[in-house]
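Chain by chain, the residues:
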Amino acid sequence: MIREVLRMGDERLLRVARPVERFDAPELQVLLADMHDTMAHLDGAGLAAPQIGVDLRVVIFGCESNPRYPQAEPVPYTVLINPELTPLGEDEEDGWEGCLSVPGMRGLVPRFSRLRYVGLDERGGRIDRVVDGFHARVVQHECDHLDGILYPMRMRDMSLFGFTDVLNIPGVVDE
Ligand code: NI
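Residues numbered from 1 in each chain as written. Predicted model: local features only at pLDDT ≥ 70, side-chain atom pairs only at ≥ 80, totals over all residues. Heavy atoms only, no water.

Engineer: Would you mind showing me how to read the packing of aromatic side chains here?
Structural biologist: Two measures describe an aromatic ring pair: the distance that separates the ring centres and the angle between the ring planes. Following the criterion strictly, the structure yields two aromatic pairs and no others. Ring geometry for Phe61 against Tyr117: centres 6.0 Å apart, planes inclined by 80 degrees, an arrangement best described as edge-to-face. Note that Phe61 is positioned in strand E2 (residues 58–63) and Tyr117 in strand E6 (residues 114–120), a separation of 56 residues in sequence. Both residues of the pair, Phe61 and Tyr117, count as buried. (Phe/Tyr/Trp six-rings, centres within 6.5 Å; stacked < 30°, edge-to-face > 60°. Helix = DSSP H or I, 4+ residues; strand = E, 2+ residues; numbered from the N terminus. Buried < 20%, exposed > 50% of the residue type's maximum accessible area, 1.4 Å probe, protein only.)

Laid out in structure tokens, this is it:
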């Protein structure tokens, strides 16, 4: 079921979400199905449970070719529960980000270039990956939602925050 995505300003986006403790409960599978449907409906590259008002440490992400991120390399569809991120090295990259909770806007955000992430999939199986580029960026963006952090809070130069159609970033279309 497609759910309403909370927008910036809603206090529920600022909570530190709780870990998932049970993988045998049907509620988790319903949540994951709703998150999938909602992300697909909005052409998102990722979605975190707090964005639909659910206070749990669950994110999904992935894109084959996404009209909102036309130059991004493909990222496999991933369900990631109770994630932990570890940056590998101190290198950072700036990149343009949008967020379904900040519709119509983009900002230039620094993120770690390379990181390892671990967590659990929808059946409680372990995920352990080393990633870089757009994949690393998406994971950092989505996992920030679990700690109540929206991408504008990571920006260092607010002159590079604006409406997508006004910024006119090459290759990026408005959502
Ligand atoms: Ni977001």
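After presenting the structure, the write-up continues.
Engineer: It is not clear to me how the environment of Gly148 should be interpreted in this structure. Could you clarify?
Structural biologist: Inspection of the secondary structure puts Gly148 in the loop between helix H2 (133–145) and strand E8 (161–163). Of the residues examined, Gly148 reaches a relative accessible area of 5% and is grouped as buried. When the C-alpha atoms of Gly148 and Gly62 are compared, they prove to be 21 Å apart, with 86 residues separating the residues in sequence. If near-sequence neighbours (up to four positions away) are discounted, Gly148 is found in contact with Leu13, Leu14, Arg15 and Met153. (Contact = heavy atoms within 4.5 Å.)

Engineer: Before we go on, may I ask you to explain H2 in this structure?
Structural biologist: Given 3.6 residues to a turn, an α-helix orients residues that are three or four positions apart in the same direction. With 13 residues, H2 ought to run about 18 Å at 1.5 Å a step, and its terminal C-alpha atoms sit 19 Å apart, in line with that. Within H2, 12 of the 13 residues are buried, which leaves it mostly tucked inside the rest of the structure. Restricting attention to buried positions, one finds in H2 the residues Phe134, His135, Ala136, Arg137, Val138, Val139, Gln140, His141, Glu142, Cys143, Asp144 and His145. (Expected span 1.5 Å × (residues − 1).)

Engineer: How do you make sense of the pattern of salt bridges when you look at a structure like this?
Structural biologist: Think of it this way: side chains of opposite charge can pair up when their charged atoms draw near. Per the stated rule, a full pass over the model turns up 13 salt bridges. Among the salt bridges present, the one from Arg22 reaches Asp24, with a minimum N-O distance of 3.1 Å. Residues joined in a network through salt bridges with shared partners are Glu97, Arg111, Arg137, Asp144 and Arg154. (Salt bridge = Lys/Arg side-chain N within 4 Å of Asp/Glu carboxyl O.)

Engineer: Whenever I open this one, the coordination of the nickel ion confuses me. Can you help?
Structural biologist: When a metal holds four donors in a tetrahedron, each ideal angle between them is 109.5 degrees; when it holds six in an octahedron, the ideal angles are 90 or 180 degrees. Those donors, Cys99 (SG), His141 (NE2) and His145 (NE2), are the protein atoms that reach the nickel ion, and they lie 2.1 to 2.3 Å from it. Mapped onto the sequence, the donors of the nickel ion take the spacing C-x41-H-x3-H. Note that His141 and His145 are positioned in helix H2 at a spacing of four residues, about one turn of the helix. The same class applies to His141 and to His145, which are both buried. (Donors = N, O, S within 2.8 Å, 3.2 Å for Na, K, Ca; no water.)

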